[in-house]
Every structure is written in C-alpha cells, then in structure tokens.
Amino acid sequence: MAGTKQFDEDEVLDRAMLLFWRRGFGATSMQDVAQATGVLRGSLYHAYGDKQALFLRVFGRYRTWFLASLRSALDAPSAEEALRRYLRFAIETITAVDDDEVTRGCLTTKTATDETAMDDAIRAALRGLLDDVQGALADRLAQPDAAGRLALPPAAAARLITTTTRGMVVLERVYRDVGQLEAVADDLLRLMFPR
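A quick note: this is a predicted structure, and the numbers were derived from the prediction, not measured.

Trainee: Even after reading the chapter, I still don't get the environment of Leu107, so can you show me in this structure?
Mentor: One can find Leu107 in helix α6 (residues 107-112). Distance from Leu107 to Tyr62, taken between C-alpha atoms, is 8.3 Å for residues 45 residues apart in sequence. In this structure Leu107 touches Phe20, Trp21, Phe55, Phe59 and Tyr62, once residues within four positions along its chain are discounted.

Structure, rendered in structure tokens:
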C-alpha cells in the first residue's frame, strides 16, 4: 500500500542509532544506514526525509533511553550512591562494545565534536539532552540527604559532573582503560562528598 512503511520502524531506528553511535554523524551515509538496516535508501529518504532528520529521530530515542537510565541510577537511597550509580552507568555506556569489539563511546559527545553535525537543529537536540542530564543531577543533589555533605551547590555540582563525564569519553577513546575511568569517578565522588 502506498505511503505505508514496509519495515519494522523500531528495528530500523535502533540499528541506525547504533550505526550513528559507532561511526558518528559525518562518517555515516544514508547508504550505510540502508546497508545496516536492510531498507532501501529511497525508502529511508521517503520515511525520514534526509540524514539529519533521521539522526534527530534516532537521537530522540537515544535521549529517551539515556534519561530513563539516568533516572534509574539516581533513584538510590543516598545522593552519594546515586552519583556512584550514574558514574558506573556512564562508564558502562561509553565502554560498551559492538560485535567487532569496538567501543561506542558517547553519541552526544561524538556528535558534538563532529563539525559536520553542528547545525542549529542538532545543537539544540544535544543541548536539550545535556540540560536534562544536568537538571536531573541537580534535582537529586538538592534533596535533603545531600544537605551539608555536597561540596558545591547542586547546580554547580551537576555542571561539573556532566563536564567530567564528557571528558571521560575522550579519555576512553585515547587510553581504552576502564581502570582510569573508574579512578576519575572515584576522584569525583571524593570531591563531591568530602569525608
């Protein structure tokens, strides 16, 4: 039937997300997406418009997943444990490997450092996710169990945590050393919650 998608959209978007996550926006063509999903390039253009529109759709799915995972990590009995869980989640996410044992890194950071991706629509999508991450962290760190223990005001702490996790992505790319990322997480926890 004309106008009806002849493919499983969830599967296509998930496969496209993994491709963009691994390769980055600039290094991924619509032909690459067609090969990865098994959907003809023309059908992808018909369904999504262009590569940017497809990426934004994929990034929306990534954002939903990432924020749900963040909120789950932050749902801990103490602010310190919530931050520990979030940092563990961040490390596991950026060090996750695909079938060919290549780490994916972070879709947000990879896209933000790709000059070919930096137009207003993509920048706004990235900013929206980072703002949501900082907001969720600040809300959790503002709860009474963190009062008197947190070294910085909640919003400043959230900004520093978000910046540090973006830097951890770069360290992973350069060193490929989970131990180093765990040491950064431990250092950050000690700074945030001094004994």
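Trainee: How should helix α2 (residues 30-37) be read in this particular structure?
Mentor: Within an α-helix, residues lying three or four positions from one another point in the same direction, as the helix has 3.6 residues per turn. Among all positions in α2, only Met30, Asp32, Val33, Ala34 and Thr37 are buried. Those residues of α2 that are buried are in contact with α1 (9-23), α3 (41-48) and α4 (51-74). Once α2 ends, the next one or two residues include Gly38, with phi positive near 80°.

Trainee: What's the story with the UniProt feature "domain: HTH tetR-type" (unreviewed entry) in the protein in this structure? I'm lost.
Mentor: Taking the numbering used here, the UniProt-annotated feature "domain: HTH tetR-type" (unreviewed entry) corresponds to residues 6-66. Annotation note: span residues 6-66, helix share 77%, strand share 0%, distance between end C-alpha atoms 28 Å.

Trainee: What's the story with the packing of α1 against α4 in this structure? I'm lost.
Mentor: Each pair of packed helices gets described by two things: the angle between the helix axes and the distance between those axes. Relative orientation of the contacting elements α1 and α4 amounts to 95°, with a least axis distance of 9 Å. The pairing of α1 with α4 is recorded here as roughly perpendicular in orientation. Of the residues in α4, those in contact with Glu9, Asp10, Leu13, Asp14, Ala16, Met17, Phe20 and Trp21 of α1 are Lys51, Leu54, Phe55, Arg57, Val58, Arg61, Tyr62 and Trp65. Of the residues contributing to the contact of α1 with α4, the split by class is ten nonpolar, no polar and six charged.

Trainee: Could you clarify how one ought to interpret the pattern of salt bridges in this entry?
Mentor: For side chains of opposite charge, pairing can occur when their charged atoms come near one another. All told, the structure shown has 16 salt bridges when counted by the stated rule. Where Arg84 meets Glu80, a salt bridge forms, and the shortest distance between an N and an O atom there is 3.6 Å. Pair noted here: Arg84 and Glu80 are both in helix α5 (residues 79-95), with a separation of four residues, about one helical turn. For Arg84, a relative accessible area of 31% gives the class partly exposed. The exposure class of Glu80 is buried, given its relative accessible area of 9%. We note a salt bridge from Arg173 to Glu172, for which the minimum N-O separation is 3.9 Å. Via salt bridges that share partners, Glu80, Glu81, Arg84, Arg85, Arg149 and Arg195 belong to a single interconnected network.

Trainee: Can you walk me through the packing of aromatic side chains in this structure?
Mentor: Two measures describe an aromatic ring pair: the distance that separates the ring centres and the angle between the ring planes. What the rule picks out here adds up to 14 aromatic pairs. Ring centres of Phe20 and Phe25 lie 6.2 Å apart, and the angle between their planes is 15°; on these two criteria the pair is classed as stacked. Phe25 shares its class with Phe20; the two are buried. Between Tyr86 and Phe89, the aromatic rings sit 6.4 Å apart at their centres with planes inclined by 40°, giving tilted as the arrangement. Here Tyr86 and its partner Phe89 are both found in helix α5, three residues apart, which amounts to about one turn of the helix. Of the residues examined, Tyr86 reaches a relative accessible area of 0% and is grouped as buried. Each member of the aromatic cluster is reached from another via a ring pair, and the members are Phe20, Trp21, Phe25, Phe55, Phe59, Tyr62, Trp65, Phe66, Tyr86 and Phe89.

Trainee: Please clarify how the nonpolar core should be interpreted in this entry.
Mentor: Note that soluble globular proteins tend to have their nonpolar side chains buried in a common cluster. In this structure, Tyr62 and Tyr86 are the most contacted members of the largest nonpolar core, which totals 60 residues. Looking at this core, the elements with two or more residues in it are α1, α2, α3, α4, α5, α7 (120-141), α8 (154-175) and α9 (178-192). Counting residues per element, this core draws most heavily on α4, at ten residues. Not counting the four nearest positions on each side in its chain, Tyr86 is found in contact with Phe66, Leu70, Ala73, Leu74, Val133, Leu137, Ile161, Thr165 and Arg166.

Trainee: Honestly, α1 in this entry has me stumped. Any pointers?
Mentor: The terminal C-alpha atoms of α1, which comprises 15 residues, lie 21 Å apart, in line with the 21 Å expected from a rise of 1.5 Å per residue. Buried within α1 are the following residues: Val12, Leu13, Ala16, Met17, Leu19, Phe20 and Trp21. On its buried side, α1 packs onto α2, α3, α4, α5 and α6. Regarding α1, its N-cap is Asp8, as a side-chain oxygen of that residue lies 3.1 Å from the backbone nitrogen of Asp10 further along. Just downstream of α1 lies Gly24, where phi reads positive at about 95°.

About the criteria used
- Residues numbered from 1 in each chain as written.
- Predicted model: local features only at pLDDT ≥ 70, side-chain atom pairs only at ≥ 80, totals over all residues.
- Heavy atoms only, no water.
- Helix = DSSP H or I, 4+ residues; strand = E, 2+ residues; numbered from the N terminus.
- Contact = heavy atoms within 4.5 Å.
- Buried < 20%, exposed > 50% of the residue type's maximum accessible area, 1.4 Å probe, protein only.
- UniProt positions renumbered as here; feature names shortened; annotations may be inferred.
- Axes fitted to C-alpha atoms, helices over the stretch in contact; angles between N-to-C directions.
- Parallel < 35°, antiparallel > 145°, perpendicular 65-115°, else oblique.
- Nonpolar A, V, L, I, M, F, W, Y, C, P; charged D, E, K, R; others polar.
- Salt bridge = Lys/Arg side-chain N within 4 Å of Asp/Glu carboxyl O.
- Phe/Tyr/Trp six-rings, centres within 6.5 Å; stacked < 30°, edge-to-face > 60°.
- Core = buried A, V, L, I, M, F, W, Y, C linked by side-chain atoms within 4.5 Å.
- Expected span 1.5 Å × (residues − 1).
- Polar contact = N/O pair within 3.5 Å; in protein donor to acceptor, adjacent residues only side chain to side chain.

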